[in-house]
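One letter stands for each residue in the lines below.
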Amino acid sequence: MLVCFNAHAQSSDLLHAIVNQLSQHTAIRANFTQQRQTPALNQPQTSSGQLLFVTGHGMLWQVQQPYQQTLALTGTRTLRIDADGRMQAVRNERGVNQISQMLQGMLTGQLDEVERQFNVQANGIAAQWNLRFTPKQSRVAQVLRDIQLDGGMYLQRIRIDMQDSTQTDIQMTDTRDAGPLSTQEKHALGLP
């Protein structure tokens, strides 16, 4: 019993260290490559582009290949942004909202909300870590198997495994502090 308690305490300490490290960056940019594998397809679907994450406001997901599309994910809503900057609400799957909110909670240091919805297991050290999230709610667990995050100073990889064997793997490279945001980026994320 003591060994189990110590392992949980070490995992909890590492989780807090990771969250503190990630929350030091209030706005980040990164390039991404996403592969989505579904049982119905022989080949994975691959897309790539750039993302912008701003603490407390959400994420801009800018797909550049094989097509161009920009989405603003704020946790409560998803908007598609066209080339002229016009925004249109997108019908959002509940799972996308929960994953977006979980990531925002992690990256902003709001562990209480994350731990209310997920069991979290942390492994590694602050310089090279892995987090595994399994849903606590049975309704969510019927759809989502788990989410794994890997990283160091920044988040480097997100892997989402669904119960239907669909798998999404997002690799991030060239992650850096965002610098100044454009007027369109501010507008999309609801910033003044």
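Provided above is the structure to which this section pertains.
Residues numbered from 1 in each chain as written. Predicted model: local features only at pLDDT ≥ 70, side-chain atom pairs only at ≥ 80, totals over all residues. Heavy atoms only, no water.

Caption draft 1: Layout of the overall build of the chain. Within the chain, the regular secondary structure consists of five helices and eleven strands. Residues classed as buried in the chain amount to 42% of the 192 residues present. Sequence separation of 24 or more characterises 44% of the internal contacts of the chain that already satisfy a separation of 6 or more. In the form shown here, the chain has an accessible surface area of approximately 10,800 Å², with 49% of it arising from carbon and sulfur atoms. (Helix = DSSP H or I, 4+ residues; strand = E, 2+ residues; numbered from the N terminus. Buried < 20%, exposed > 50% of the residue type's maximum accessible area, 1.4 Å probe, protein only. Contact = heavy atoms within 4.5 Å. Areas by Shrake-Rupley, 256 points an atom, 1.4 Å probe, with all protein chains shown as cover.)

Caption draft 2: Structural detail: unusual backbone geometry. Note that the residue after Gln65, namely Pro66, is joined by a cis bond; omega there is 5°. Note that Pro66 resides in the loop between β3 (58-65) and β4 (69-73). One non-glycine residue, Ser165, adopts positive backbone phi at about 75°. Among the secondary structure elements, Ser165 is positioned in the loop between β10 (155-162) and β11 (167-177). At Asp174, a position not held by glycine, the phi torsion is positive, near 50°.

Caption draft 3: Structural context of the pairing of strand β9 (residues 144-151). Burial of β9 is extensive: six of the eight residues sit out of reach of the surface. In the sheet, strand β8 (residues 128-135) pairs with β9 via five bridges, with the strands oriented antiparallel. Looking at β9, one finds that Trp129 is bridged to Gly151. Summarising the sheet, β9 and β10 pair through seven bridges and their orientation is antiparallel. If you follow Asp146 over to β10, its bridge partner there is Asp161. Turn length for the β9-β10 hairpin, with the two strands adjacent in sequence and antiparallel, is three residues. (Pairing = 2+ DSSP bridges.)

Caption draft 4: Examining the environment of Gly152 more closely. Tracing the backbone shows Gly152 in the loop between β9 and β10. Residue Gly152 is classed as buried on the basis of its relative accessible area, which comes to 2%. As a C-alpha pair, Gly152 and Ala126 span 26 residues in sequence and 6.3 Å in three-dimensional space. Beyond its immediate sequence surroundings of up to four residues, Gly152 is in contact with Gln21, Ala126, Ala127, Gln128 and Trp129.

Caption draft 5: A look at the packing of aromatic side chains. The final tally for this structure, using the stated rule, is two aromatic pairs. Ring geometry for Phe32 and Trp61: centres 4.0 Å apart, planes at 20°, overall stacked. Here Trp61 lies in strand β3 and Phe32 lies in strand β1 (residues 27-37), a separation of 29 residues in the sequence. You'll find Phe32 and Trp61 in the same group, each marked buried. On the numbers, 6.0 Å between centres and 85° between planes, the contact of Phe118 with Phe133 is edge-to-face. In this pair, Phe118 is assigned in strand β7 (residues 118-125) and Phe133 in strand β8, connecting sequence segments 15 residues apart. With a relative accessible area of 0%, Phe133 lands in the buried category. (Phe/Tyr/Trp six-rings, centres within 6.5 Å; stacked < 30°, edge-to-face > 60°.)

Caption draft 6: Region of interest: the pattern of salt bridges. For the structure on display, the rule yields seven salt bridges. Between Arg132 and Asp146 there is a salt bridge whose closest N-O contact spans 2.8 Å. Taken as a pair, Arg132 in strand β8 and Asp146 in strand β9 lie far apart in primary sequence, 14 residues in all. (Salt bridge = Lys/Arg side-chain N within 4 Å of Asp/Glu carboxyl O.)

Caption draft 7: Looking closely at the pairing of β10. Summarising the sheet, β10 and β11 pair through five bridges and their orientation is antiparallel. Bridging across to β11, Arg159 finds its partner in Asp169. Here β10 hands over to β11 after four residues, with Ser165 in that stretch at a positive phi of 75°.

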